[in-house]
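The primary structure of each chain is shown beneath.
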Amino acid sequence: MVGSQASMSPKRSACWVALAPLLCSCALALQGGMLFPRESPSREVKALDGLWRFRADFSENRLQGFEQQWYRQPLREVRAPRGVPESGPTLDMPVPSSFNDITQEARLRNFIGWVWYEREAILPQRWTQDMDMRVVLRINSAHYYAVVWVNGIHVVEHEGGHLPFEADISKLVQSGPLTTCRVTIAINNTLTPHTLPPGSIIYKADTSMYPKGYFVQDINFDFFNYAGLHRSVVLYTTPTTYIDDITVTTNVEQDIGLVDYWISVKGNEHFQLEVRLLDEDGKVVAQETGDQGQLRVPGANLWWPYLMHDHPAYLYSLEARMTTAGPVSDFYTLPVGIRTVAVTESKFLINGKPFYFHGVNKHEDSDIRGKGFDWPLLMKDFNLLYWLGANSFRTSHYPYSEEVLQLCDRYGIVVIDECPGVGIVLPQSLGNESLRHHLEVMEELVRRDKNHPAVVMWSVANEPSSALKPAGYYFKRQLVGIGSLSTMTLITHTKTLDPTRPVTFVTNTKYDADLGAPYVDVICVNSYFSWYHDYGHLEVIQPQLKSQFENWYKTHKKPVIQSEYGAEAIAGFHEDPPLMFSEEYQKALLENYHSVFDQKRKEYMVGELIWNFADFMTNQTPMRVIGNKKGIFTRQRHPKNVAFILRERYWRIANETRHHHSVPRTQCLGTRPFTF
């Protein structure tokens, strides 16, 4: 059994508490925590959403912005030196959003290189005058590489487009009479063989066919490489002595819920910590003191997935209060779900009960805003998940916003949390340089998402070339001492970061050639029978799918998830007998898959995730008609016929697998009070 807390003894649980600081300090090379900015009696948050000034650097080398130091003055005042052509106009650009689809400029939609964002922020006077206050600038997502200045001073750089980073800017905003600060962010969306995801720049040198200096970005993943400030940029405050990080793990002993916590405080070695756990009615159910300990909750309400319990997604609130000998104090509240996760040879267990993933794969993708975060769209998606009877999704193929995971915690939607390891197909993308960056990305992902009860498994990659010889080392689970962490490979490192969750990657390699599969805890397989091969021949799906499952299980003796399957259907296209791209073909293909699923889920199959929840944008190719049309909903969230087929199936499975006597029914999202 792996990833198990269901069977953890009190002695082992206490041992983990003792080891927590050691594991956190050794496994995480990153400095500091990444707690989600929340307002509290000691903290304030100011979002910088809205219109920013924006300028793409269209110069031939894409470096005019750095050569002319655009960060030293407002973008609207930047002028090219005499004789140097202007590199592009200064525009208004909404944040959060991708920049690609906002304007009517085709060259901006497909732009590769540096773009510049700028925003003037007005600060409350107390922020600039109170020397006992920290002011922090946080960028929740900048795709892909970002450099940040405040008032022309460089403050931070970050590689990776889907995870947050921040900088303490207190000294810059508390050094004079100014109550404003100018934030400048330069972002480069260029991908290389060593980025995550990888890509390559292809130069077209034949000037008889292409303009001088012409190049394109080549990628090996099937979604559009949107870029920009995709999530909110915020300023927030803490006291100068502050709660920097909280790590929580949970367990159950009979009916007693156990919440083991470890809290990091920075700014002062002399402090006191009071920790309380409150139920949903605001009643204190457990309390402790000190920076690490265990909260015991008799008769605990467990966090259950949607449709698995009468009262799913129960959340407690962990309140941490830090005080010092002086006037400084800090408060932070963390939602906590008490649940266990375990994997056996043929089952995936949540709270000791078999769990079957019946859900979807998604993308952060929509009209106009691209990958930009949008609350109305997010709530529509969650209402559709509830309507569908879906209990889970994978964050294909990158970490989603923190608000998404908060809603999953709140509504009981189980998450396979995937890093941006998609398109790893070249041998050089499996080398040491790529591995070092991949390890760093997993550190950032685990640091951000470790406390979400909805997250039950980490996925370290999607469809890598795992039959290549370097893949065996790249993914290997390698046992090393604490002093040899630098030699860790991907799955080992992820398990060191978080020993409480299983780890997988999603494969499309043959069962007998996959060099990474021996090291995962759950086999996740993508297959597109009668779509990418044997086109149109629906009759071969069932024998090929049966063979797939039997070969994987016989070889590895691990539970199996069908992590992708599906067919494209253009809404309104109808053909009988079914033809490819018609809604009837999509329906017939799924029905053939489901027939085999219903046999194998009685044995060792533990999940099915349709590709895809909704149509999404891709690069332009002859295979794609304005994007990928495998969604069960259109990009505008209108249902195709197959959505109703899947809805009937998911509700039937929910009724069959429910562990309590009451019958599931269609639900809309609730109105429980919850603070984001």
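The rules behind these values
Residues numbered from 1 in each chain as written. Predicted model: local features only at pLDDT ≥ 70, side-chain atom pairs only at ≥ 80, totals over all residues. Heavy atoms only, no water. 1 Å grid on protein atoms, 1.4 Å probe; cavity = no way out; pocket = protein on both sides within 12 Å on 5 of 7 lines; lining within 4 Å. Points joined across faces, edges and corners; volume = space filled by probe spheres on them. Helix = DSSP H or I, 4+ residues; strand = E, 2+ residues; numbered from the N terminus. Nonpolar A, V, L, I, M, F, W, Y, C, P; charged D, E, K, R; others polar. UniProt positions renumbered as here; feature names shortened; annotations may be inferred. Pairing = 2+ DSSP bridges. Axes fitted to C-alpha atoms, helices over the stretch in contact; angles between N-to-C directions. Core = buried A, V, L, I, M, F, W, Y, C linked by side-chain atoms within 4.5 Å. Buried < 20%, exposed > 50% of the residue type's maximum accessible area, 1.4 Å probe, protein only. Contact = heavy atoms within 4.5 Å. Phe/Tyr/Trp six-rings, centres within 6.5 Å; stacked < 30°, edge-to-face > 60°. Lys NZ or Arg CZ within 6 Å of the ring centre and 35° of its normal.

Caption draft 1: Here's a closer look at empty space enclosed by the protein. Counted under the stated rule, the structure contains nine cavities of 30 Å³ or more. Volume-wise, the second largest cavity comes out at about 200 Å³. What lines the second largest cavity is a set of 21 residues, and nearest its centre among them are E364, D365, L377, L378 and V404. When residues in the lining of the second largest cavity are grouped by element, the largest group, four residues, is from helix 6 (residues 375–388). Broken down by class, the residue content of the lining of the second largest cavity amounts to seven nonpolar, six polar and eight charged.

Caption draft 2: Focus on the UniProt feature "domain: Glycosyl hydrolases family 2 sugar binding" (unreviewed entry) in the protein. The positions UniProt marks with the feature "domain: Glycosyl hydrolases family 2 sugar binding" (unreviewed entry) are residues 46–239. Between the C-alpha atoms that bound residues 46–239 the distance is 16 Å, and the span itself is 9% helix and 40% strand.

Caption draft 3: A look at the sheet that holds strand 19 (residues 292–298). Spatial ordering of the open sheet is given by 15-16-19, a layout of three strands whose pairing is antiparallel. Looking at which strands have only one partner, the edges of the open sheet turn out to be strand 15 (242–253) and strand 19. Looking at each pair of strands side by side, their axes are set apart by 20 degrees on average, direction ignored. Bridge analysis of strand 16 (residues 256–266) against strand 19 gives seven bridges, and the strand direction is antiparallel. Residue pairing across strands places L258 opposite R296, the latter belonging to strand 19.

Caption draft 4: Seen up close, the nonpolar core. Ranked by internal contacts, the top residues of the largest apolar core, which has 139 residues, are L318, F348, F393 and F475. Apart from the residues within four sequence positions on either side, L318 is in contact with V248, V259, Y261, V275, R276, L277, L295, Y332, T333, L334 and V336. Membership of the second largest hydrophobic core comes to 36 residues, among which are V115, W127, V156 and I185.

Caption draft 5: A look at the packing of aromatic side chains. By the definition in use, this model includes 41 aromatic pairs. Look at F224 and Y226: their rings are 4.7 Å apart centre to centre, the planes differ by 65 degrees, and that puts the pair in the edge-to-face class. For Y226, a relative accessible area of 1% gives the class buried. Members of the aromatic cluster, joined through ring pairs, are F66, W70, Y71, W114, W116, Y145 and W149. A cation over an aromatic ring shows up here: R107 above the ring of F58, its NZ or CZ 3.7 Å from the ring centre.

Caption draft 6: Molecular detail of the sheet that holds strand 4 (residues 114–122). Within the open sheet, the six strands sit side by side as 3-2-4-10-7-8. Their pairing is antiparallel. The open sheet is flanked by strand 3 (91–95) and strand 8 (153–159), the only strands paired with a single partner. Averaged over neighbouring strand pairs, the angle between their axes works out to 30 degrees when direction is ignored. Pairing analysis gives four bridges linking strand 2 (residues 50–56) to strand 4, with the strands arranged antiparallel.

Caption draft 7: Summary view of the layout of surface pockets. In this structure, the largest pocket encloses a volume near 860 Å³. Lining the largest pocket are 38 residues, with E463, N508, N526, Y528 and Y532 sitting closest to its centre. Mapped by element, the contributors of at least two residues to the lining of the largest pocket are strand 12 (215–219), strand 30 (523–526) and helix 11 (541–556). The element best represented in the lining of the largest pocket is helix 11, accounting for four residues.

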